[in-house]
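In case you want the letters, here they are:
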Amino acid sequence: MTDPAESISTHIDVDDEHCFMEVSVDLPATPEAVWESVATGPGYRRWFVEAEIDGRVGGALITHHGDFGASHGTIVEWEPHRRYRYLEADWMGEEQPVPPWETEIVLTPVGEDGTVTRATLRSGISAEGATWKDAILGTQEGWEGAWLNLLQFHAHFGDRHAAQALVMRAGGPDDDIVTTLGLVGAVVGEERGVSNPAPSGAGGTEQPGGELLRGTVIATTDSLSDQDATSRSVMLRTTDAVYEFGTLLMGGERTLVVRGYLYPEASRGLSAAVWESQVAEVGSAARRRWETVVDDVVAPSPGIE
């Protein structure tokens, strides 16, 4: 089976003056459909994070990253259905003088029938490239994962609306959600179940066979055993969602993360206005479910080793 990540190409453009990460993917959708995904707040929810976008030159672009806070950008170029560019001035905090972080998204039709669109994201800085190279390169895995999510949406869920559920918990020195949920050794393309960490009858989250859900593995990362360990994660696609289960190492501390990109079958055919009235409820229900699961990983129920 083809690894969907192989559809994503990455290029690094760097010298002493500038440093940019460029990521591209071909999507089975028209430029108009992809624009809805990459240039609106509800569209961002499909593949990245919750966001607000004021689609015009001078408009604000705000992305929300859970416990990590929000990022604030200003749109400086805006060409509907084709491209836009925005700047983030205080990406290191208000007290740190840095060149602005620039991000541009460009959509290019592929072929003659207009049903495939290449989405290219270019993100980095155009000054002091050597100084901030490590910060820019550190975004590669995240942007590749985001573009993989975008591909999953348009390839499998393009006629549905999206909601999100994000759960983050501080973990102990030995906590690893990937291990506890039985996902170690997951291989891209295989069907894999997510094990219930709680004993039978606890938490109300168990499924027959002791699985919380089952899906197709679409991506894995594992650097917990490396000297500069950063993460271990597995992404699964089910019939109505894409889930990422991860353990992050930052400053010697572990954070356990579950993020669900939810595409309910019931959302098919709903108007945008009707869906927006339901999206918070859908996300909250999923978040409560996964909070129970993650809490069982951090503080296992009696009888769980």
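Residues numbered from 1 in each chain as written. Predicted model: local features only at pLDDT ≥ 70, side-chain atom pairs only at ≥ 80, totals over all residues. Heavy atoms only, no water.

Q: How should the overall build of the protein chain be read in this particular structure?
A: Within the protein chain one finds 6 helices and 14 strands. Taken across its 305 residues, the protein chain has 47% of its residues classed as buried. When contacts within the protein chain are restricted to residue pairs at least 6 apart in sequence, those whose partners lie at least 24 apart make up 56%. For the protein chain, the exposed surface amounts to about 14400 Å²; the carbon and sulfur share of it is 49%. (Helix = DSSP H or I, 4+ residues; strand = E, 2+ residues; numbered from the N terminus. Buried < 20%, exposed > 50% of the residue type's maximum accessible area, 1.4 Å probe, protein only. Contact = heavy atoms within 4.5 Å. Areas by Shrake-Rupley, 256 points an atom, 1.4 Å probe, with all protein chains shown as cover.)

Q: Any chance you could explain the sheet that holds strand β3 (residues 51-53) here in plain terms?
A: Picture the strands of a sheet paired through backbone hydrogen bonds; they go either parallel or antiparallel. Taken in spatial order, the 8 strands of this open sheet run β1-β2-β8-β7-β6-β5-β4-β3, and their pairing is antiparallel. Edge strands, defined here as strands with exactly one partner in the open sheet, are β1 (8-14) and β3. Taking the axes of each pair of neighbouring strands and ignoring which way they run, one obtains an average angle of 20° across the sheet. Sheet topology note: the strand β7 (residues 101-110)/strand β8 (residues 116-125) ladder contains 9 bridges and is antiparallel. Considered in β8, the bridge of Pro109 is made with Thr117. Along the sheet face, helix α1 (residues 31-38) touches β2 (19-27), β5 (70-79), β6 (83-88), β7 and β8 and points at about 160° away from the line of β7. Of the strands in this sheet, β1, β2, β6, β7 and β8 touch helix α4 (residues 140-156), which is tilted by about 15° from β2. (Pairing = 2+ DSSP bridges. Axes fitted to C-alpha atoms, helices over the stretch in contact; angles between N-to-C directions.)

Q: Would you take a moment to explain the packing of α1 against α4 for this structure?
A: Each packed pair of helices is defined by two parameters, the angle between the axes and the distance between the axes. The geometry of α1 relative to α4 is characterised by a closest axis approach of 12 Å and an angle of 130° between their N-to-C directions. Accordingly, the angle class assigned to the pair α1 and α4 is oblique. In this structure, α1 crosses over α4, and the sense of that crossing is right-handed. On α4, the residues that touch Ala33, Val34, Ser37 and Val38 of α1 are Trp147, Leu150, Phe153 and His154. Counted by class, the contact of α1 with α4 contains 6 nonpolar, 2 polar and no charged residues. (Parallel < 35°, antiparallel > 145°, perpendicular 65-115°, else oblique. Left-handed = near helix turned anticlockwise from the far one by under 90°. Nonpolar A, V, L, I, M, F, W, Y, C, P; charged D, E, K, R; others polar.)

Q: Would you explain unusual backbone geometry in this entry?
A: Negative phi is the rule for most residues except glycine; trans is the rule for most peptide bonds. The phi dihedral of His81 is positive, around 70°, even though this residue is not glycine. Along the polypeptide, His81 turns up in the loop between β5 and β6. Overall, the relative accessible area of 38% leaves His81 in the partly exposed class. Here Glu128, not a glycine, exhibits a phi torsion of approximately 55°, which is positive.

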